[in-house]
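# Residue-level structure breakdown
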Amino acid sequence: MRDHRATSSLGRLTKRPDFVAAASGRRFHTERMTVQARLREGSGLGLRFGLTVTKRVGHATERNRIKRRLRAAIPTAGQDYATLDADVVVIGRRDILSADFDVLIDDLRRALRAVTKPKGASPAERSSSSPPSNGERRGQSHA
């Protein structure tokens, strides 16, 4: 029997605007998948996942198998982040078919750690992203 406790707090993305909004957030890439996420503030919906596997990956049976493997790995990988308000989109690649299941879970955990960081630049990034001193717009010169 399946354990529904791990999946009860993980929701699903079903509408296109949610997928598009997640694409505007942070990204994490591996050879097996790309993970995109956008943090939501105050919605109380918890962690929600969406899966995408394009036709370039393979035939329908292969794409469905990729999605089944990801659906099985998501509850295990996402249990530590279940209370976080975020929309996560996983874009699967063909290498998921041959990857070990533990590797998929590890990839998802690393991706969730990276894409769910709060927006806040590190001190090194802040110094390099300071506005131009003379009022000009960055990347333009008036010579």
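Residues numbered from 1 in each chain as written. Predicted model: local features only at pLDDT ≥ 70, side-chain atom pairs only at ≥ 80, totals over all residues. Heavy atoms only, no water.

## Thoughts on the overall build of the protein chain
Secondary structure summary: the protein chain contains five helices and five strands in total. In the protein chain, the order of α-helices and β-strands from amino to carboxyl end is α-β-α-β-β-β-α-β-α-α. (Helix = DSSP H or I, 4+ residues; strand = E, 2+ residues; numbered from the N terminus.)

## Details of the pattern of salt bridges
Side chains that differ in charge, positive against negative, can pair when their charged atoms come close. A full pass over the atoms with the stated rule returns eight salt bridges. Of the charged contacts, one joins R32 and E31 as a salt bridge, the two residues approaching to 2.7 Å between their closest N and O atoms. Look at R32 and you get buried, because its relative accessible area is 12%. According to the relative accessible area criterion, E31 is partly exposed, its value standing at 48%. Salt-bridge contacts for R110 lead to D107; the nearest nitrogen and oxygen are separated by 3.0 Å. One end of the pair, R110, and the other, D107, are both in helix α4 (residues 101–115), three residues apart, so they sit about a helical turn from each other. (Salt bridge = Lys/Arg side-chain N within 4 Å of Asp/Glu carboxyl O. Buried < 20%, exposed > 50% of the residue type's maximum accessible area, 1.4 Å probe, protein only.)

## Here's the deal with the environment of A82
With respect to the helices and strands, the residue A82 is situated in the loop between α3 (60–78) and β5 (86–92). Remark: the alpha-carbon pair of A82 and G11, spanning 71 residues in sequence, is separated by 9.1 Å.

## Description of the sheet that holds strand β1 (residues 10–12)
In a beta sheet, neighbouring strands pair by backbone hydrogen bonds and run either parallel or antiparallel. The sheet built from five strands is open, its strands ordered β1-β4-β5-β3-β2 with mixed pairing. Edge strands, defined here as strands with exactly one partner in the open sheet, are β1 and β2 (26–29). On average, each strand axis in the sheet is tilted by 25 degrees relative to the strand beside it, whichever way the strands run. With seven bridges connecting them, strand β3 (residues 33–39) and β5 associate as antiparallel partners. (Pairing = 2+ DSSP bridges. Axes fitted to C-alpha atoms, helices over the stretch in contact; angles between N-to-C directions.)

## What about the nonpolar core?
Residues M33, F49, V88 and V90 are the most contacted members of the largest nonpolar core, which totals 29 residues. Those elements that provide at least two residues to this core are β3, β4 (47–52), α3, β5 and α4. It is α4 that contributes the most residues to this core, six residues altogether. Leave out the neighbours within four places in its chain, and V90 touches M33, T34, V35, F49, G50, L51, T52, L70 and L108. (Core = buried A, V, L, I, M, F, W, Y, C linked by side-chain atoms within 4.5 Å. Contact = heavy atoms within 4.5 Å.)

## Considerations on the environment of G50
By secondary structure assignment, the location of G50 is in strand β4. Judged by relative accessible area, which is 2%, G50 ranks as buried. Considered as a pair, G50 and V89 are 39 residues apart in the sequence and their alpha carbons are 4.6 Å apart. Residues in contact with G50, not counting those within four places in the same chain, are L13, F19, V88, V89 and V90.

## Some points on a positive patch on the surface
Among the surface-exposed residues, R12, R65, R68 and R71 lie close enough to one another that they form a single positively charged patch. In terms of residue count, the dominant contributor to the positive patch is α3 (three residues). Along the chain, the position of R12 falls in strand β1. With a relative accessible area of 65%, R12 lands in the exposed category. (Patch = residues over 30% accessible without salt bridge, like charges linked within 9 Å, V, L, I, M, F, W, Y side chains within 5 Å. Areas by Shrake-Rupley, 256 points an atom, 1.4 Å probe, with all protein chains shown as cover. Lys, Arg positive; Asp, Glu negative; His and termini not counted. Charge placed at Lys NZ, Arg CZ, Asp CG, Glu CD.)

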